[in-house]
Amino acid sequence: MDGNIHTGERAQNGCATLDMLFQNKASDVQYSVIHARYLHGNAGWKLEQIAKTSGLTIEDGAMYMTPAYVKSVLKPLGMLTKPIILLSDGQLKSVERGLLNDEVIGPNLMVLSDKEDLSGADVILAVLADVFIGNPASVTSGFIARSRVALGYPDKLTQLFRRKR
């Protein structure tokens, strides 16, 4: 299996997390964060409600984080060869397996999963990422996206919704 499975150790703050993941390269590394949430099976229903009330079409990618979906976001930004961190509640194992087994994404993937609630350090990791791909059904993904907007990140670097083309 390709990629990097996290050992379960957790840092207590954002700087320590970056140091733990990237050692001496933490100050200049470019990375992306994917926030995959299944929400005990409620993510699909929540995504449908968001689509109905917002008028946006939400592709399956936001829930299943398929390799094709992730590549469609990261490739145009030149981020496919950079580290990719998966923050996941671990409830939909196919997300992790699909990304780890992908020949392009897998070698660059670090998995921080099986955790229903993100720590402050995980949230900071996502807020400071060069690219963030979140699930709009997750309140935490929404908070991260709003924080990134407040910090001035361009829209294309924060993905919650994608329209079908």
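One can find the structure itself at the top, above this paragraph.
What follows deals with the overall build of the protein. Tallying secondary structure elements over the protein gives 7 helices and 6 strands in all. In the protein, the succession of helices and strands from N to C terminus is β-α-β-α-α-α-β-α-β-α-β-α-β. When burial is assessed residue by residue, the protein has 47% of its 165 residues classed as buried. The contacts in the protein between residues at least 6 apart in sequence include a share of 75% that link residues at least 24 apart. Accessible surface, the protein as shown: approximately 8,500 Å² in total, 51% of it carbon and sulfur.

Right, let's talk about the environment of A129 for a bit. Within the element layout of this structure, A129 appears in the loop between helix 6 (120–127) and strand 5 (131–133). Sequence-distant contacts of A129, that is, excluding residues within four places in its chain, are made with Y31, S32, V33, R148 and Y153.

Here the focus is the side chain of H35. Note on placement: H35 falls in strand 2 (residues 32–36). A polar contact is formed between the side chain of H35 and the side chain of S141, at a distance of 2.5 Å.

Bringing a nonpolar patch on the surface into the picture now. Among the surface-exposed residues, I124, L128 and L151 lie close enough to one another that they form a single nonpolar patch of about 270 Å² accessible area. Considering the arrangement of structural elements, one finds I124 in helix 6. By relative accessible area, I124 is classed as partly exposed at 38%.

Attention now moves to the pairing of strand 2. Most of strand 2 is tucked away, with 5 of its 5 residues classed as buried. The side-chain alternation of strand 2 yields two buried faces, one formed by S32, I34 and A36 and the other by V33 and H35. Two strands pair when backbone bridges link them, and strand 2 and strand 3 (residues 84–88) are joined in this way by 5 bridges, in the parallel orientation. By the bridge assignment for strand 3, H35 is matched with L87. Pairing of strand 2 with strand 5 involves 3 bridges; the strand directions are parallel. Residue pairing for strand 5: V33 is matched across the bridge by F132.

Analysis parameters
Residues numbered from 1 in each chain as written. Predicted model: local features only at pLDDT ≥ 70, side-chain atom pairs only at ≥ 80, totals over all residues. Heavy atoms only, no water. Helix = DSSP H or I, 4+ residues; strand = E, 2+ residues; numbered from the N terminus. Buried < 20%, exposed > 50% of the residue type's maximum accessible area, 1.4 Å probe, protein only. Contact = heavy atoms within 4.5 Å. Areas by Shrake-Rupley, 256 points an atom, 1.4 Å probe, with all protein chains shown as cover. Polar contact = N/O pair within 3.5 Å; in protein donor to acceptor, adjacent residues only side chain to side chain. Patch = residues over 30% accessible without salt bridge, like charges linked within 9 Å, V, L, I, M, F, W, Y side chains within 5 Å. Salt bridge = Lys/Arg side-chain N within 4 Å of Asp/Glu carboxyl O. Pairing = 2+ DSSP bridges.

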